[in-house]
Amino acid sequence: MTNTHIAATGLPFIVRRFLHGVSLMLGVTFVSFLLMVYFGPDKTYELLGKNPTSTQISEVRHTLGYDQPFLLRYGNYLKELLTLDLGLSDSTGEEVKSILTRTLPISIALVLPGFVLGNIIGLLLGMLAAWYRGRWLDKLLMSASVVGMSVSFLIIIIGLQILLCTPYGLNLFPVRGWQVHDLPSYLYYVTVPTLALLLVTLGYNTRFYRAVMVEEIDREHILTLKAYGTSPVELLFKHVLKNSLIPVITRIMFSVPFVLVSGSLLLESYFGIPGIGLVTFNAITSGDQPILKAVVGLTGLLFVLALMLTDILYSAVDPRVTRQ
Amino acid sequence: MTDTALTTALNVQGLSVWIKTASGKQQIVDNISFSIKAGEATGLVGESGCGKTMTAFAILGMLPAAGATLESVAIEVNGRDISSLSSAQRRSVLGRDIAMIFQQPGTALDPVFTIGQQITAVHRRHNRSKKNKHRQAMLNSLAQVGFDQPDKIAAAYPHELSGGMRQLAMIAMATVCKPAVLIADEPSTALDSGTRALVLKQIKRLQTDHGTAILMVSHDLSVIRQSCENVMVMYCGRVLEKTDCQSLFTHARHPYSAGLIACIPQLNARSASGAKAIPGQVPAPSAFPPGCHFAPRCEHAASQCDLSVPGFLAENEQGNERGNERGVACFRPL
Amino acid sequence: MTHTTWQRLKDDRYGIGGLFIVAFFAVIALSVWAGLLGQGWSEVSGNRWESLSAAHWFGTNLLGQDIFQRTLFGAATAFEIGLIVTVFSIVLGTVLGALAGWYSYSWLDEVILWIKGVLDSIPFYLFAAAIAFALQGNRWAMHLAMIITFWTTTARIVRGEVMRIKQREFIEAARAIGLPDIIVVFRHVLPNTAHILLVQSTIVFVAAIKTEVILSFLGLGIQDGVSWGLMLAESSQEVLAGHFGNFVAASVALFIMLMGFNLLADALQDALDTQRVNS
């Protein structure tokens, strides 16, 4: 079902966005199912001993469901997702649901500070650069952004590690781990990853927000506001900001799923933090299908939710956006 | 009202603006001086690019582009020189003592705030101590420009109103603090003729009822004739003629002014030729001719006109009780 | 590029600097491919973790391999990945984007948009891992994964541009004289997107190289040969023990090359954007 076709039915806005999201999710789950399960490891022989007989083989295949037609298996998968019947992990035997509930909060706690700070600081710097466009502050910020964009995430992580976690540097923070039980220990373990995330995203964020702000500052109504004595602070924070909320929201909402999964993946595998990224990655390398199926479903869901939330936010902040 | 009739609401002396272009620093407004008394309306007329809008912005101290510089001997509103104020001080003047309305009200108003919010913000900025009076002042202002249901308009967003209504809302915003001077930059150009009349009527009302001095910037002579008592003709950054509207239309003294008036097609023209265009084109600032800027296109030009700049010759006509400045910048006026 | 564009590009000192850096690395890459440089990247020619010396300009790594040789080879790997991913994803993105834009709001457009939406929703590293797994460790799995996900940004941009260009009069004129759609698209519409594609190519190149670094760290990168990503991955443990050779060499080389491309991308963007206001 495509957007135009859905639109033609005249259903209310929210329902249309939901259906669009559903069609995306079907696509996501289909592709992932195809890749991971269909092309993935064949577990038949792992479960059998030596010299299996053909009846044994076909028995095991039947248990594993390999002999069913593709669409049926896909349908089962969707059913499992919807009923949250996620099964047990192949590698640890733990319930997938409990793995998710255990690791997801950790990943969020890991990634959230860096993400939020990266966007807030990026926004502020972008506003500064746009306001002083063409002057030295702007050029300085833009140069710094280009530098930031040219350094790989990995380099930043390793570099920060050397600087902050080793005796060759300041040695203030731990190299790996996540023994968090209270605020001080949280700060102890989250600071270096947060700094890394911040440094990586700051360059891109600043440039993006600057571009958005520049376009807004050039608008005619800013001239009117100046003609009526509006102070620069009020201009920027009340008027320019509110008018640029749509691209800002778009960017933030669409980077959430990305940052949460991919960002956490790298940070967790590097710092040995038991979050969802690490779990997923291990699942990939070991072919742990229940976990993979669940994670894909989860990410798809996150994306759809982000999509719907974005549209709701649009109409909430900008009166020009009307729900048809 | 009779007292204010003698006050000079706006006095501009020696205003010049330069901009930085790829080919260097260009002067786009050259030493403009004029004054407008309270309750008077003066038109500033000229073709696009002659610098009239830049003049308006310069009076407010707002130069849009980086690299533009302004110089003036004085810019006085009600006797107070605003050109020497700090930016914070000037901000307290803008919107309160002097206000401006713009050509495109659709883009001039902030799309994400309601009309009411925008007008109250202006009132609040300049009346910090009067709590709770802002909404009332805003509604009054809207009612005064002719809205029957000001509270409905106040709750609307700019995109929900028509062009004419937006312009009226802008006028309401400009006058909520009862400024002494109103600068109207092409206020009716973007409107159809019905709403145009309405808007111009409102501006006139400000002039007569509140004694506001009006500076109306336009390229449309007929609008100026309809709305203003006095007029200044501007070309390539210079004021070429200043007179009252009647005199301009019956006997323009500068060849350029005469040419502009001849451009207006007359409905009751006897000849079939219709409007007559001025030959040639308006030069760009980097290519301003030395001497009189209009000389290359002027039928009456002499060699003197190409070599030196004619100064502005003020003259006081006999029997002119107002004592307004009249004059023409020409070596060979008509 | 038109004359003024070229002029603006030449005036932009940072852009020219970027261009030189890119050219410099391109020459190195070509030399490696031609067998002139960096051939000793896998040779164990020294003791482990030797420091800088005349024999080993950047020292050696854990296995005693010469870091300088490996750095040179890494340049070639970076270019290989960058070029392959960039060329294929730009072509794919342009074709699909042009189709979507030309037939905008039709079912074809909707399908292409839907595919884009699905691909954008899949977390990249999971996708890359899945492809690597599906192809059983094939060398090209990484390139394929990147091409499949990178084309979407190009397609989105091209689609927007085509939709805008479509409205312009010279296109109407071309169609009015009966030119078939294909010709109109290829001869008239697409050349007008060339400037955007040029800028986009540099951006994709940078993204490809940065992605390879992380993929190598996760063990999904190239299996044969060496890349700066692999060197960084190797160094992550080494630095804790105080051996910074790998880290510094790979970081600096990577940084300089990426800076070069980013500066070039910016300069191209500025030179081609005729509406931009400079101070």
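Participant: Would you mind going over the overall build of chain B with me for this structure?
Facilitator: Looking only at helices and strands, one finds twelve helices and 13 strands in chain B. The globule rule puts the C-alpha radius of gyration for 334 residues at 20 Å, and the 20 Å found for chain B is close to it. Dimensions along the principal axes, computed over C-alpha positions, put chain B at roughly 65 × 50 × 45 Å.

Participant: Can you walk me through the overall build of chain A in this structure?
Facilitator: Per the secondary structure count, chain A includes 14 helices and zero strands. Overall, chain A shows an N-to-C arrangement of helices and strands of α-α-α-α-α-α-α-α-α-α-α-α-α-α. Buried positions account for 38% of the 324 residues belonging to chain A. Across chain A, the fraction of contacts at a sequence separation of at least 24, relative to all contacts at a separation of at least 6, is 67%.

Participant: In this structure, what is going on with the interface of chain A and chain C? I would like to understand it.
Facilitator: Taken together, the 39 residues of chain A in the interface contact 39 residues of chain C. Among the secondary structure elements, those contributing two or more residues to the side of chain A that touches chain C are α1 (3-8), α2 (13-38), α7 (136-149), α8 (153-165), α12 (245-271), α13 (276-286) and α14 (289-317) of chain A. Broken down by element, the side of chain A that touches chain C gets its largest block of residues, eight residues, from α2(A). Of the residues that constitute the side of chain A that touches chain C, the class distribution is 22 nonpolar, 16 polar and one charged.

Participant: Would you explain the sheet that holds strand β12 (residues 313-314) of chain B in this entry?
Facilitator: Pairing between the strands of a sheet comes from backbone hydrogen bonds, and it takes one of two forms, parallel or antiparallel. Residue and element names in this part refer to chain B. The mixed open sheet is built from eight strands, whose spatial order is β7-β8-β9-β3-β10-β11-β13-β12. Where the open sheet ends on each side, the last strands, each with one partner, are β7 (98-101) and β12. The sheet contact formed by β7 and strand β8 (residues 181-185) spans four bridges and is parallel. Counted as the bridge partner of Ala99 is Leu182 from β8. Relative to β8, helix α1 (residues 52-60) is tilted by about 150 degrees, and along the sheet it contacts β3 (41-45), β7, β8, β9 (213-218) and β10 (230-235). Contacts between helix α11 (residues 255-263) and the sheet are confined to β10 and β11 (238-244), with β10 contributing the most and set at about 105 degrees to the helix.

Participant: Where do I start with unusual backbone geometry in this structure?
Facilitator: Glycine aside, residues mostly have negative phi angles, and peptide bonds mostly take the trans form. All names here are of chain B. The backbone phi angle of Asn31 is positive, close to 55 degrees, even though this residue is not glycine. Residue Asn31 is classed as partly exposed on the basis of its C-beta count, with 18 C-beta atoms lying within 10 Å. In this structure, Glu186 takes a positive phi of about 45 degrees despite not being glycine. Counting through the fold element by element, Glu186 comes out in the loop between β8 and α8 (193-210). Assessed through the 21 C-beta atoms surrounding it within 10 Å, Glu186 is described here as buried.

Participant: So what exactly am I meant to see when it comes to the domain arrangement of chain B here?
Facilitator: Residues and elements named next belong to chain B. Parsing chain B into structural domains produces domain 1 (3-86 + 182-193 + 213-265 + 277-328) and domain 2 (98-178). Measuring from the centre of the C-alpha atoms in domain 1 to the corresponding centre in domain 2 gives 29 Å. Taken together, the contact pairs twelve residues of domain 1 with eleven residues of domain 2. With four residues, β8 is the largest single contributor of residues to the side of domain 1 that touches domain 2. The residue makeup of the side of domain 1 that touches domain 2, split by class, is nine nonpolar, one polar and two charged.

Participant: Would you mind going over the pairing of β3(B) with me for this structure?
Facilitator: It is a general feature of regular strands that their side chains alternate between the two faces of the sheet. All names here are of chain B. In terms of residue burial, β3 counts as a mostly covered element, since five of its five residues are buried. Residues Ala41, Gly43 and Val45 point to one face of β3 and Thr42 and Leu44 to the other, with burial holding for every one of them. Sheet analysis places β3 next to β9, joined by five bridges and oriented parallel. Following the sheet pairing, Leu44 is matched in β9 by Val217. Pairing of β3 with β10 involves four bridges; the strand directions are parallel. Looking across to β10, one finds that Thr42 is bridged to Asn230.

Participant: Mind showing me how you'd approach the confidence of the model for chain B here?
Facilitator: Considering every residue of chain B, the mean pLDDT works out to 84; 91% of them sit at 70 or more. Within the model, pLDDT remains below 50 along residues 318-323 of chain B, and this stretch shows one contact once partners closer than five positions in the same chain are excluded.

Participant: Looking at this model, I keep getting lost on the interface of chain B and chain A. Mind explaining?
Facilitator: Much of the literature gives interface size as the accessible area that the parts lose upon coming together. Taken together, the contacts link 21 residues of chain B with 18 residues of chain A. When residues of the side of chain B that touches chain A are traced back to their parent elements, those giving at least two are α2 (87-93), α3 (105-108) and α4 (115-126) of chain B. Of the residues contributing to the side of chain B that touches chain A, the split by class is 13 nonpolar, five polar and three charged.

Participant: Sorry, what's going on with the packing of helix α6 (residues 96-131) of chain A against α13(A) here?
Facilitator: Two quantities define a packed helix pair, namely the angle between the helix axes and the distance between the axes. Residues and elements named next belong to chain A. Look at α6 against α13: their axes get within 7 Å of each other, and the N-to-C directions meet at 130 degrees. On the basis of the axis angle, α6 is oblique to α13. Listed contacts from α13 to Ile99, Leu100, Thr103, Leu104 and Ser107 of α6 are Ile276, Gly277 and Val279. Partitioned by chemical class, the residues of the contact of α6 with α13 number five nonpolar, three polar and no charged.

Participant: Looking at this model, I keep getting lost on the pairing of β10(B). Mind explaining?
Facilitator: Residues and elements named next belong to chain B. Judged by how many residues are buried, β10 sits mostly within the fold: six of six residues are covered. Residues Asn230, Met232 and Met234 of β10 are buried on one face, and the alternating residues Val231, Val233 and Tyr235, pointing to the opposite face, are buried as well. Direction of pairing for β10 relative to β11: antiparallel, over a ladder of six bridges. Each residue of the ladder has a partner; that of Asn230, found in β11, is Asp244. Counting the residues that bridge the hairpin from β10 to β11 gives two residues, and of these Cys236 lies at a positive phi of roughly 50 degrees.

Participant: Sorry if this is basic, but what is going on with α7(A) here?
Facilitator: An ideal rise of 1.5 Å per residue puts 20 Å on 14 residues; α7(A) measures up with 20 Å between its terminal C-alpha atoms. Within α7(A) the residues assigned to the buried category are Leu141(A), Ser145(A), Gly148(A) and Met149(A). Taken end-on, α7(A) shows its buried residues confined to a sector of 95 degrees, consistent with a single buried face. Exposed residues pointing more than 90 degrees away from the buried face of α7(A) are listed as Trp136(A) and Ser143(A). On the buried face of α7(A), the contacting elements are α6 and α9 (183-217) of chain A together with α11 (245-272) of chain C.

Participant: Any chance you could explain the nonpolar core here in plain terms?
Facilitator: For soluble globular proteins, nonpolar side chains are generally found buried alongside one another. Membership of the largest hydrophobic core comes to 135 residues, with the highest contact counts inside it found for Leu154(A), Ala75(C), Ala128(C), Ala129(C), Met142(C) and Leu232(C). The residues touching Ala128(C), leaving out its near neighbours within four places in the chain, are Met142(C), Ala145(C), Leu215(C) and Leu220(C). Of all hydrophobic cores here, the second largest spans 108 residues; its members include Tyr209(A), Ile28(B), Leu60(B) and Ile119(B).

Participant: Hey, could you run me through the confidence of the model for chain A in this one?
Facilitator: Reading fine detail from the predicted coordinates is not recommended where pLDDT is low. All names here are of chain A. Taken over all residues, the pLDDT of chain A has a mean of 80, while the share at 70 or more is 86%. Mean pLDDT per element in chain A: α1 is the minimum at 46, and α7 is the maximum at 92. Confidence over residues 1-8 falls short of pLDDT 50; this stretch has 15 contacts with residues more than four positions distant or in other chains.

Participant: It is not clear to me how the packing of helix α3 (residues 67-102) of chain C against helix α9 (residues 194-217) of chain C should be interpreted in this structure. Could you clarify?
Facilitator: Residues and elements named next belong to chain C. Between α3 and α9, the least distance of the axes is 8 Å, while the angle of their chain directions is 130 degrees. Overall, the two elements α3 and α9 adopt an arrangement that is oblique. For the crossing formed where α3 meets α9, the hand is right-handed. Contacts from Ala78, Ile81, Gly82, Val85, Thr86, Ser89, Ile90 and Thr94 in α3 reach Leu197, Gln200, Ser201, Val204, Phe205, Ala208, Ile209 and Glu212 in α9. Here the contact of α3 with α9 is built from residues that sort into nine nonpolar, six polar and one charged.

What counts and how
- Each chain carries its own residue numbering, running from 1 in the direction its sequence is written.
- The naming scheme follows written order: chains are lettered A onward, ligands numbered 1 onward.
- This being a predicted model, a pLDDT of at least 70 is required before a residue's local features are given, and a value of 80 or more before pairs of side-chain atoms are given or counted; all residues contribute to the totals for chains, interfaces and linings.
- Strands are runs of DSSP state E lasting at least 2 residues, helices are runs of H or I lasting at least 4, and numbering of each runs from the N terminus.
- What the globule rule says is 2.2 Å times the number of residues to the power 0.38, and the radius of gyration is computed from C-alpha atoms.
- Using C-beta atoms placed from the backbone, we call a residue buried if 20 or more other C-beta atoms fall within 10 Å of its own, exposed if 12 or fewer do, and partly exposed for counts in between.
- Here, residue contact means that the backbone-derived C-beta atoms of the two residues sit within 7 Å.
- Residues were grouped as follows: Ala, Val, Leu, Ile, Met, Phe, Trp, Tyr, Cys and Pro as nonpolar; Asp, Glu, Lys and Arg as charged; and all remaining residues, including Gly, as polar.
- In short, DSSP must find at least two bridges between two strands for them to pair.
- Here the axes come from fitting lines to C-alpha atoms, over the contacting stretch only for helices, and the angles between their N-to-C directions go from 0 to 180 degrees.
- By convention here, the domain bounds are inherited from an automatic or database domain assignment.
- Each residue carries a pLDDT score, the predictor's confidence in it, ranging from 0 to 100.
- Working definition: roughly parallel below 35 degrees, roughly antiparallel above 145 degrees, roughly perpendicular at 65 to 115 degrees, and oblique for all remaining angles.
- Helices are assigned an expected span. That span is 1.5 Å times one less than the residue count.
- Within this analysis, the arc is defined by the directions that extend from the helix axis to the C-beta atoms.
- Buried Ala, Val, Leu, Ile, Met, Phe, Trp, Tyr and Cys residues whose C-beta atoms connect them within 7 Å together make up a nonpolar core.
- Crossing handedness is defined as follows: a turn of the near helix away from the far one that is anticlockwise and smaller than a right angle gives a left-handed crossing, while the clockwise case is right-handed.

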